[in-house]
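Understanding the architecture of this molecule
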Amino acid sequence: MISIKKEWGDGVLCFRDNQIDQGVVHLALDKNKPQAASREAVLCSFCYNAVTDTDNCIAVNGSHAHIFANPHGYVYEIACYKRADGCVALPVPSVEFSWFKGYYWQVAICKTCSSHLGWFFQSNESSFFGLIQKYLIG
């Protein structure tokens, strides 16, 4: 996990789509996909289920990690993965307050313990998981 102080120092604060009045704030943390020496499992911090691995790390909108605030003021530090086979996306998609323009989202939970781990984002062209970093190990 990256410290908030470092994120603010290395990130760029962005307000997008005039949604600041709705509480949507975005901080892009890094510009590159993290480079891992070897494939490493990423686990659910609640039950230790293998959720994904470092080979599935991707950059979305130029960054692997992001900080977002939802309309209720909850702040989430997420990391993007092209696959997360240890997650299940709940069936009800939404386009409201999407953190990624052109994507709808679904809540993503751990397949083993059903803990909320993040969101599954999908557009007509692509899809990915945005997983909450404090709920992951690895």
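Keep in mind that this is a model prediction, so the values were computed, not measured.

**Remarks on the overall build of the chain**
From N to C terminus, the chain includes one helix and eleven strands. Scanning the chain from its N terminus toward the C terminus, one meets helices and strands in the order α-β-β-β-β-β-β-β-β-β-β-β. Evaluated residue by residue, the chain yields a buried proportion of 44% over its 138 residues. Contacts in the chain between residues far apart in sequence, at least 24 positions, make up 50% of those at least 6 positions apart. As displayed, the chain offers around 7,700 Å² of accessible surface, 53% of which is attributable to carbon and sulfur atoms.

**With respect to the pattern of salt bridges**
Pairs can form between side chains of opposite charge once their charged atoms are near each other. Taken as a whole, this structure holds three salt bridges when the rule is applied. One salt bridge in this structure joins aspartate 53 and arginine 39, with 2.6 Å as the shortest N-O distance. You can see aspartate 53 sitting in strand E4 (residues 50-53) and its partner arginine 39 sitting in the loop between strand E2 (25-28) and strand E3 (41-44), a full 14 residues away along the chain. Note on aspartate 53: relative accessible area 8%, which makes it buried. You can call arginine 39 exposed: its relative accessible area is 59%. The salt bridge involving aspartate 55 is made with arginine 39; its shortest N-O contact spans 3.9 Å. Note that aspartate 55 is positioned in the loop between E4 and strand E5 (65-69) and arginine 39 in the loop between E2 and E3, a separation of 16 residues in sequence. Sharing partners across several salt bridges, the network here consists of Arg39, Asp53 and Asp55.

**Examining unusual backbone geometry**
For tyrosine 48, which is not glycine, the phi dihedral falls at a positive 70°. You will see that asparagine 61, though not glycine, has its phi angle at about 55°, which is positive.

**Let's talk about the pairing of E4**
When E3 meets E4, the two strands line up antiparallel, connected through three bridges. Residue pairing for E4: leucine 43 is matched across the bridge by alanine 50. Hairpin connection between E3 and E4: a loop of five residues separates the two successive antiparallel strands, and tyrosine 48 in this loop has a positive phi of roughly 70°.

**A closer look at the environment of glutamate 40**
With respect to the helices and strands, glutamate 40 occurs in the loop between E2 and E3. For the pair glutamate 40 and threonine 52, spaced twelve residues apart in sequence, the C-alpha separation works out to 8.7 Å. When sequence neighbours within four positions are dropped, the list of residues in contact with glutamate 40 reads Asp53, Thr54 and Gly138.

**Section: the packing of aromatic side chains**
Applying the stated criterion across every chain, the model contains twelve aromatic pairs. Look at tyrosine 103 and phenylalanine 128: their rings are 5.3 Å apart centre to centre, the planes differ by 70°, and that puts the pair in the edge-to-face class. One end of the pair, tyrosine 103, is in the loop between strand E7 (87-89) and strand E8 (104-110); the other, phenylalanine 128, is in strand E10 (residues 127-132), and 25 residues separate them in sequence. Residue tyrosine 103 is classed as buried on the basis of its relative accessible area, which comes to 16%.

**Observations concerning the environment of glycine 138**
Position of glycine 138 among the secondary structure elements: in the segment after strand E11 (136-137). Counting along the chain gives 97 residues from glycine 138 to alanine 41, while the straight-line C-alpha distance between them is 6.3 Å. Ignoring anything within four residues of it in the chain, the contact list for glycine 138 reads Glu40, Ala41 and Val42.

What counts and what doesn't
Residues numbered from 1 in each chain as written. Predicted model: local features only at pLDDT ≥ 70, side-chain atom pairs only at ≥ 80, totals over all residues. Heavy atoms only, no water. Helix = DSSP H or I, 4+ residues; strand = E, 2+ residues; numbered from the N terminus. Buried < 20%, exposed > 50% of the residue type's maximum accessible area, 1.4 Å probe, protein only. Contact = heavy atoms within 4.5 Å. Areas by Shrake-Rupley, 256 points an atom, 1.4 Å probe, with all protein chains shown as cover. Salt bridge = Lys/Arg side-chain N within 4 Å of Asp/Glu carboxyl O. Pairing = 2+ DSSP bridges. Phe/Tyr/Trp six-rings, centres within 6.5 Å; stacked < 30°, edge-to-face > 60°.

Everything listed is a geometric property; what it means functionally is a separate question.
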